[in-house]
Amino acid sequence: MNSIVLVNILRFIVLIAAQALLFNKFNFNGYINPHPYILFIILYPVNGNKNVLLISAFLLGLIVDMFQDTAGIHATACLVLAYLRDYIFKFSFGLSYEYQTVKLNDSLTPERFSFILIAVFIHHFILFLLDIFSVEYIWGTILRTLFSMIFTIILCIIIIYLFKPSKR
Amino acid sequence: MQQIISFLIKNSYRMLFLLLLIISVSLAIQSHSYHKSKVINSANYVSGSIYSQAHKVEDYFDLKTKNEELALENARLKKLLFNQKDSIKIDLDSVNQVKKTDLVIAKVIKNCYTDQENIITIDAGRKEGLEHDLGVINSLGIVGVIDNVSNNYATVMSILNINSRINAKMKKTNHFGTLIWNGKNTGYVQLIDIPRLASVKKGDTIVTGNQSTIFPEGINIGTVNRVYIDTETTYYTLEIKLFNDMTSLGHVYVLKNVDRNEIKKLEETTEKDKEKR
């Protein structure tokens, strides 16, 4: 149990650092940046304390906001994602979620992929909606969300595979 | 009270979420102060876009009145322009500020440009205060001089008329000449009797001169297109490309020089005096 907490704290710090120092500088095509820091919320233990998840997601977003000078936007997106995480689990994994046997960092199955897809979509959509905040640019928002989403999903999967926990 | 507390404890997860959500959203809104106005604006955007679409259609129905309004406005502005104080004799003029030029707006109802003596008919006449020998211009340049006036209509001797004689000058050097038309091309008129002393270049602007009471000084006519020397008079003859497209005229402005009668009277008396001597 102790090691899980440690791993999560470490993940928290490493992901924020990577996001702030590396992924925010992509600026692919001017404005498309991946946001793989939400892996923290995705990979948070399924049976972990939910309140802790909410608070840590809020802090995660807030710190990323600090780096990007976008107070509140990432925090809101992360918070909503953390809150909806249970529902996404239920949607993607169905019954097996009830038995808490879900393991995300394993080989890529359609369930896992759909979970990551929905999670990333929710986060990015809220993020860009708050960032642009205008009905006028709704198509731009959707396009940005889509491009950034693809980017983030690819990076998330790569990172999951790269840092497969050394359980074996 | 206990129920409230137990409710809060039961729903602590949801309560925590709501609390944090309120904090983060308010942060997001506060950090971008424009978000506040955007909330209102985007609400208006929905209704605003519908309104603007509807207005686009409605606009077509009053294009005509809009055009007339704009033409009237133009007349007013041109009046202001022509009545500008001459900066040199500013002290003399300021004693009694008299309007020197008045404008009447009219519409061309018949435009002829195929003959040698072209006449334009406009829909303003004696009722509007028009009379013989008033200048007619439009936004681009001069059009002609009023010939005959009836109660509601007037005919204008176009500058594309071989009998037309208008005093004009070079904008740069103030050399005078007379503007005529040789009856050939509707886009070009001729400026004759420009002295050989004048340095004329292709592209120089020609404006109306101040020797006539018909037009105020400095109304655009055209640019010099070709320069040649008249074999008989040895003066320059300039071919002028008109700013105006005489084949398509819409609204025109009739210029009324308020002092014209006074000047005419004065000149007539001088002529009479000359004859007596």
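The model shown is predicted, which means the values in this text are computed figures rather than measured ones. (Residues numbered from 1 in each chain as written. Chains lettered and ligands numbered in written order. Predicted model: local features only at pLDDT ≥ 70, side-chain atom pairs only at ≥ 80, totals over all residues. Heavy atoms only, no water.)

A. Spatial organisation of the pairing of strand β4 (residues 142–149) of chain B. Residue and element names in this part refer to chain B. Along β4, six of the eight residues are buried, which leaves the element largely enclosed by surrounding structure. Two elements, strand β3 (residues 135–137) and β4, share three bridges in a ladder whose sense is antiparallel. Each bridged residue has a counterpart across the sheet, and for G135 the counterpart in β4 is V145. A loop of four residues connects β3 with β4, the two strands running antiparallel in sequence. For β4 and strand β5 (residues 154–161), the ladder comprises four bridges, and the chain directions are antiparallel. (Buried < 20%, exposed > 50% of the residue type's maximum accessible area, 1.4 Å probe, protein only. Helix = DSSP H or I, 4+ residues; strand = E, 2+ residues; numbered from the N terminus. Pairing = 2+ DSSP bridges.)

B. Structural detail: the side chain of T76 of chain A. As for its placement among the helices and strands, T76 of chain A is situated in helix α4 (residues 73–93). On the basis of relative accessible area, T76 of chain A is assigned to the buried category, the value being 3%. A polar side-chain atom of T76 of chain A sits 3.2 Å from a polar atom in the side chain of S24 of chain B. Discounting chain neighbours no more than four positions away, the residues touching T76 of chain A are I126 and L130 of chain A together with L21, S24 and V25 of chain B. (Polar contact = N/O pair within 3.5 Å; in protein donor to acceptor, adjacent residues only side chain to side chain. Contact = heavy atoms within 4.5 Å.)

C. The sheet that holds β5 of chain B, seen in detail. Residues and elements named next belong to chain B. Spatially, six strands are ordered β1-β2-β5-β4-β3-β12 in a closed barrel, and the strand pairing comes out antiparallel. Taking each pair of neighbouring strands and ignoring which way they run, the sheet shows an average axis angle of 45°. Looking at chain direction, strand β1 (residues 101–111) and strand β12 (residues 251–257) are connected through seven bridges and run antiparallel. Considered in β12, the bridge of T101 is made with N257. Across the face of the sheet, helix α4 (residues 63–82) comes into contact with β1, β3 and β12 while running at roughly 140° to β1. (Axes fitted to C-alpha atoms, helices over the stretch in contact; angles between N-to-C directions.)

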